[in-house]
Amino acid sequence: MKKLLVVIIFSMLLLHIKPAFAVESYDWKSLNEIADTALQLAKQERFNESVQLLEYFAVKFEEIPIDRQVLSLDHYRTLSNTHQNAHELLLDDKVSTTEKVRSLTKFRLVVDAMVSEHQPLWSSMETSIMETFSQMKSDVQEGDNQSFQHDFNEFLALYEVIYPSIQVDLDIQRIKRMDEHISVVENQLFQEIPETSQAKQLAVMEEELKAIFERVKEDEADPSLLWVMISTGSIILLALSYSGFRKYKGEREKLIKREKDNSKE
């Protein structure tokens, strides 16, 4: 019985660990590394090599059998668009190094969002984004419209970098709510409303922004691992219950036999 129990538990664990070593997972990991190397080369202004890696990425990506349950059409478009945009900017001599690196960063974060189940790279930009937003709130309190516009533009530039990635990781309704907040602040009328109303609008917007980053901090435990733990625990409980039942049944039969033998004497 103990041997059977070990075999069952091992089989359950193997069943759920195996996908981590699947060909598709390996290929995505490889694509993630290619995207990262392309970004690092761009930061060193080695743009020709970075372009070659992006083109190599496209070739490798086409070789992967796409599972539409894993990669939706919208996610495919997001990945393709950020890849194409980065490729075009790298080839344009009129584009600054900053813009080229920023476009590759967008692409890099999208690829990582496709691979990472927990703590994607885009979440690492939380500090810089929230600090910039905090400065926007201070500008409103001080009534400094010029400084506010500067900091708001900086916020938009940072948020734009992670925007394609959160399209991959978050539900569309949460993204739309944030888009609506940004539209309100972008509107010229925002500068004309009282400072108290501006502060209230930014406070609501800040909560929505915090919720975006909180989303990637939730459910740290791997759901598939939890399922394995629950399933394995159930199997162990079932096996022990069955073993206990057999032991009880055997002792009961011995007792009945003994009582019969005693009655014959």
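For the structure, check the block above.
Keep in mind the model is a prediction, meaning the values are calculated, not measured.

### Some points on the packing of aromatic side chains
Move 1: Within this structure, the stated rule accounts for 11 aromatic pairs.
Move 2: Here F148 and F190 contribute two aromatic rings whose centre-to-centre distance is 5.7 Å and whose plane-to-plane angle is 25°, an arrangement assigned as stacked. With F148 in helix α7 (residues 145-169) and F190 in the loop between α8 (172-186) and α9 (195-215), the pair connects residues that are 42 residues apart, well separated along the chain.
Move 3: Overall, the relative accessible area of 2% leaves F148 in the buried class.

### A look at helix α6 (residues 126-142)
Move 1: The end-to-end C-alpha separation of α6 is 24 Å, in line with the 24 Å expected for 17 residues at 1.5 Å each.
Move 2: For α6, every residue scored as buried is listed here: I129, M130, T132, F133, M136, D139 and V140. One face of α6 carries all of its buried residues, which in axial projection span an arc of 165°. In α6, the exposed positions that point more than 90 degrees away from the buried face belong to E131, Q141 and E142.
Move 3: One or two positions beyond α6, positive phi appears at G143, with a value near 70°.

### Regarding α8
Move 1: The terminal C-alpha atoms of α8 lie 21 Å apart, and with 15 residues this matches the ideal 21 Å at 1.5 Å per residue to within 8%.
Move 2: Listed as buried for α8 are R174, I175, M178, H181, I182 and V185. Taken around the axis of α8, the buried residues stretch over an arc of 120°, which confines them to a single face.

### Focus on the pattern of salt bridges
Move 1: All told, the structure shown has 10 salt bridges when counted by the stated rule.
Move 2: E49 serves as the salt-bridge partner of R46, at 2.8 Å between the closest nitrogen and oxygen.
Move 3: Notably, a salt bridge pairs E208 with R177, separated by 3.3 Å at the nearest N-O pair. With E208 in helix α9 and R177 in helix α8, this residue pair connects regions lying 31 residues apart in the sequence.
Move 4: Three or more residues are tied together by salt bridges with common partners; here these are D171, R174, R177 and E208.

### Some details on the nonpolar core
Move 1: Counting 54 residues, the largest nonpolar core has F155 and L209 as its most contacted members.
Move 2: Elements that contribute at least two residues to this core include exactly α2 (23-43), α3 (47-63), α4 (73-91), α5 (97-115), α6, α7, α8 and α9.
Move 3: The biggest single contributor to this core is α7, with nine residues.
Move 4: Setting aside residues no more than four positions away along its own chain, L209 makes contact with I129, M130, F133, F155, Y159 and M178.

### Side note on the packing of α8 against α9
Move 1: Look at α8 against α9: their axes get within 10 Å of each other, and the N-to-C directions meet at 150°. What the angle tells us is that α8 and α9 run roughly antiparallel. Where α8 crosses over α9, the handedness of that crossing is left-handed. Of α9, the residues touching α8 (which contributes R174, R177, M178, H181, I182, V184 and V185) are Q201, L202, V204, M205, E208, L209, A211 and I212.
Move 2: Tallied by class, residues from the contact of α8 with α9 come to 10 nonpolar, two polar and three charged.

### Digging into the packing of α7 against α8
Move 1: Contact geometry of α7 with α8 gives a least axis separation of 12 Å together with a crossing angle of 160°. The orientation of α7 with respect to α8, classified from their angle, is roughly antiparallel. In this structure, α7 crosses over α8, and the sense of that crossing is left-handed. Of the residues in α8, those touching α7 at F148, F152, F155, L156, Y159, Y163, I166 and Q167 are I175, M178, D179, I182, V185 and E186.

What counts and what doesn't
Residues numbered from 1 in each chain as written. Predicted model: local features only at pLDDT ≥ 70, side-chain atom pairs only at ≥ 80, totals over all residues. Heavy atoms only, no water. Phe/Tyr/Trp six-rings, centres within 6.5 Å; stacked < 30°, edge-to-face > 60°. Helix = DSSP H or I, 4+ residues; strand = E, 2+ residues; numbered from the N terminus. Buried < 20%, exposed > 50% of the residue type's maximum accessible area, 1.4 Å probe, protein only. Expected span 1.5 Å × (residues − 1). Arc of directions from axis to C-beta. Salt bridge = Lys/Arg side-chain N within 4 Å of Asp/Glu carboxyl O. Core = buried A, V, L, I, M, F, W, Y, C linked by side-chain atoms within 4.5 Å. Contact = heavy atoms within 4.5 Å. Axes fitted to C-alpha atoms, helices over the stretch in contact; angles between N-to-C directions. Parallel < 35°, antiparallel > 145°, perpendicular 65-115°, else oblique. Left-handed = near helix turned anticlockwise from the far one by under 90°. Nonpolar A, V, L, I, M, F, W, Y, C, P; charged D, E, K, R; others polar.

Distances and angles like these do not, on their own, reveal function.
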